[in-house]
Amino acid sequence: MLEHVDGMAIGGPEGLAGKDLATALDAVRGRVLAVATGLAALVAVYYTARNADTARRTFQLGERGHVTDRYGKAVEQLGSAQAPVRLAGPTAPFCHIPAVPP
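Residues numbered from 1 in each chain as written. Predicted model: local features only at pLDDT ≥ 70, side-chain atom pairs only at ≥ 80, totals over all residues. Heavy atoms only, no water.

A.B. asks: Looking at this structure, how should I read the overall build of the chain?
C.D. replies: Within the chain, the secondary structure is distributed over two helices and two strands. The secondary structure elements of the chain, listed N-terminal to C-terminal, are β-β-α-α. Every one of the 102 residues in the chain was classed for burial, and the buried ones make up 7%. Taking the contacts inside the chain whose residues are at least 6 apart along the sequence as the reference set, 12% of them involve residues at least 24 apart. Only carbon and sulfur atoms are counted for the fraction: they give 66% of the accessible area of the chain, which is about 8500 Å². (Helix = DSSP H or I, 4+ residues; strand = E, 2+ residues; numbered from the N terminus. Buried < 20%, exposed > 50% of the residue type's maximum accessible area, 1.4 Å probe, protein only. Contact = heavy atoms within 4.5 Å. Areas by Shrake-Rupley, 256 points an atom, 1.4 Å probe, with all protein chains shown as cover.)

See below:
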């Protein structure tokens, strides 16, 4: 199956045998494991980044929905028969904006 490990022949009269063969195969396994671990880490980072982006978009859509609801309720309050409700209606959509002193 494998004929060469790091440029050295495996088996045969001129190849590696015994301890040298085991050491060479362990080195190859270590490199393969390191590459596989690195690829798994890259996949995990990519997956995490996509999930964070999806969560951010979901949050933004939810915020837009809340603002739309506030404006809809403000419009409903403008048609109210009670004067205090009519006066408070237009300010309702802006209640979530923090007051900043000048």
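A.B. asks: Teacher, can you tell me more about the environment of Thr48 here?
C.D. replies: Structurally, Thr48 is set in helix 1 (residues 19-78). A polar contact is formed between the side chain of Thr48 and the backbone oxygen of Ala44, at a distance of 2.8 Å. (Polar contact = N/O pair within 3.5 Å; in protein donor to acceptor, adjacent residues only side chain to side chain.)

A.B. asks: Explain a nonpolar patch on the surface here, please?
C.D. replies: A contiguous nonpolar patch, built from Val35, Leu39 and Leu42 and spanning about 310 Å² of accessible area, is present on the exposed surface. In this fold, Val35 is placed in helix 1. (Patch = residues over 30% accessible without salt bridge, like charges linked within 9 Å, V, L, I, M, F, W, Y side chains within 5 Å. Salt bridge = Lys/Arg side-chain N within 4 Å of Asp/Glu carboxyl O.)

A.B. asks: Honestly, the confidence of the model for the chain in this entry has me stumped. Any pointers?
C.D. replies: It should be kept in mind that the predicted coordinates are not to be read in detail where pLDDT is low. When pLDDT is averaged along the chain, the result is 77, and 71% of the positions lie at 70 or above. Mean pLDDT per element in the chain: strand 1 (residues 4-5) is the minimum at 56, and helix 1 is the maximum at 86. (pLDDT = per-residue confidence, 0-100.)

A.B. asks: For this particular structure, what's the right way to read the pattern of salt bridges?
C.D. replies: Think of it this way: side chains of opposite charge can pair up when their charged atoms draw near. In the structure shown here, the tally under the stated rule is three salt bridges. Between Asp26 and Arg29 there is a salt bridge, and its shortest N-O distance comes to 3.1 Å. Here the residue Asp26 and the residue Arg29 both occupy positions in helix 1, the gap between them amounting to three residues, near one helical turn. For Arg29, a relative accessible area of 55% translates into the label exposed. Ionic pairing is found between Arg57 and Asp53, a salt bridge with its closest N-O pair at 3.4 Å.

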